[in-house]
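Observations on the three-dimensional arrangement
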Amino acid sequence: LAGLLERGARAWAGQGGLVLVEGEAGIGKTRLVEEVAKGAAEGQVAIHWGHCQDGGLPYELIRQLLAGILHLGLGESPAERQEKLGRWARERGEGMGEVVAILAGWLAAGEDPPPAPGAEETQKQRLLWSVWQVLAAEARRIPLVLLVEDLHLADAGSIEVLDFVVRQMHEA
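Let me begin by describing the structure that accompanies this report. Bear in mind the structure is a predicted one, so any value in this text is a computation, not a measurement.

Right, let's talk about the overall build of the chain for a bit. What the chain contains, in helices and strands, is seven helices and two strands. Within the chain, buried positions represent 34% of all 172 residues. The contacts of the chain with a sequence gap of at least 6 include a subset with a gap of at least 24, amounting to 68%. Summed over all atoms, the accessible surface of the chain reaches about 10,200 Å², with 55% contributed by carbon and sulfur.

Below you can see the structure in the form of structure tokens.
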């Protein structure tokens, strides 16, 4: 608990980082993180949860986290979703319109849109960069905590995005 609280204090001070809580099933990992999250919420921090499951959709974890950050709900019409994304982009400022445009179709598709021939790597880089831009923009507004349950069940795409985000955090 002390380590999590110390890491939290550094996050509140603007220093990004990663904490991994691991242990046997039923040992109390979720309870521990929930207690730290309660304390974080009292300190004016945005907390977003993601849950991994075996056999989930590609990038499902990232879609969950972004839906929370961007205030997107299940069952929204494309017009409602586009309006929310546009409002979020306007509130965050310069350059966010392009980021939202990249993510809008991807978030709605439920899977990767088919890339143009020869464009797979470019498309992936744009996706990675756009996710990072959303997280960085949100973290500039308010300290941001992403809590992930059962990371060991995450799909390879979500792990790749998280790896990119952690590397960007350390370079920022």
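Next up on the list: the pairing of strand 1 (residues 46-51). Alternating residues of strand 1 divide into Ala46, His48 and Gly50, all buried, and Ile47, Trp49 and His51, none buried. Sheet topology note: the strand 1/strand 2 (residues 144-149) ladder contains six bridges and is parallel. Among the inter-strand pairings, glycine 50 is bridged to a residue of strand 2, identified as valine 148.

Bringing the nonpolar core into the picture now. Within the largest apolar cluster, 27 residues are counted, with the highest numbers of intra-cluster contacts made by Leu66, Leu70, Leu103, Trp106, Val131 and Val134. Residue assignment for this core shows that the elements contributing at least two residues are helix 3 (60-69), helix 4 (78-92), helix 5 (96-109), helix 6 (120-141) and helix 7 (156-171). A total of eight residues in this core trace back to one element, the largest contributor, which is helix 6. Those residues within four positions of valine 134 in sequence are excluded, and the remaining contacts are Leu66, Ile69, Leu70, Trp88, Val99 and Leu103.

We now examine a nonpolar patch on the surface. Judged by side-chain polarity, Leu20, Leu151 and Ile159 come together as a nonpolar surface patch covering roughly 260 Å² of accessible area. Judged by its relative accessible area of 37%, isoleucine 159 falls in the partly exposed class.

Rules behind the numbers
- Residues numbered from 1 in each chain as written.
- Predicted model: local features only at pLDDT ≥ 70, side-chain atom pairs only at ≥ 80, totals over all residues.
- Heavy atoms only, no water.
- Helix = DSSP H or I, 4+ residues; strand = E, 2+ residues; numbered from the N terminus.
- Buried < 20%, exposed > 50% of the residue type's maximum accessible area, 1.4 Å probe, protein only.
- Contact = heavy atoms within 4.5 Å.
- Areas by Shrake-Rupley, 256 points an atom, 1.4 Å probe, with all protein chains shown as cover.
- Pairing = 2+ DSSP bridges.
- Core = buried A, V, L, I, M, F, W, Y, C linked by side-chain atoms within 4.5 Å.
- Patch = residues over 30% accessible without salt bridge, like charges linked within 9 Å, V, L, I, M, F, W, Y side chains within 5 Å.
- Salt bridge = Lys/Arg side-chain N within 4 Å of Asp/Glu carboxyl O.

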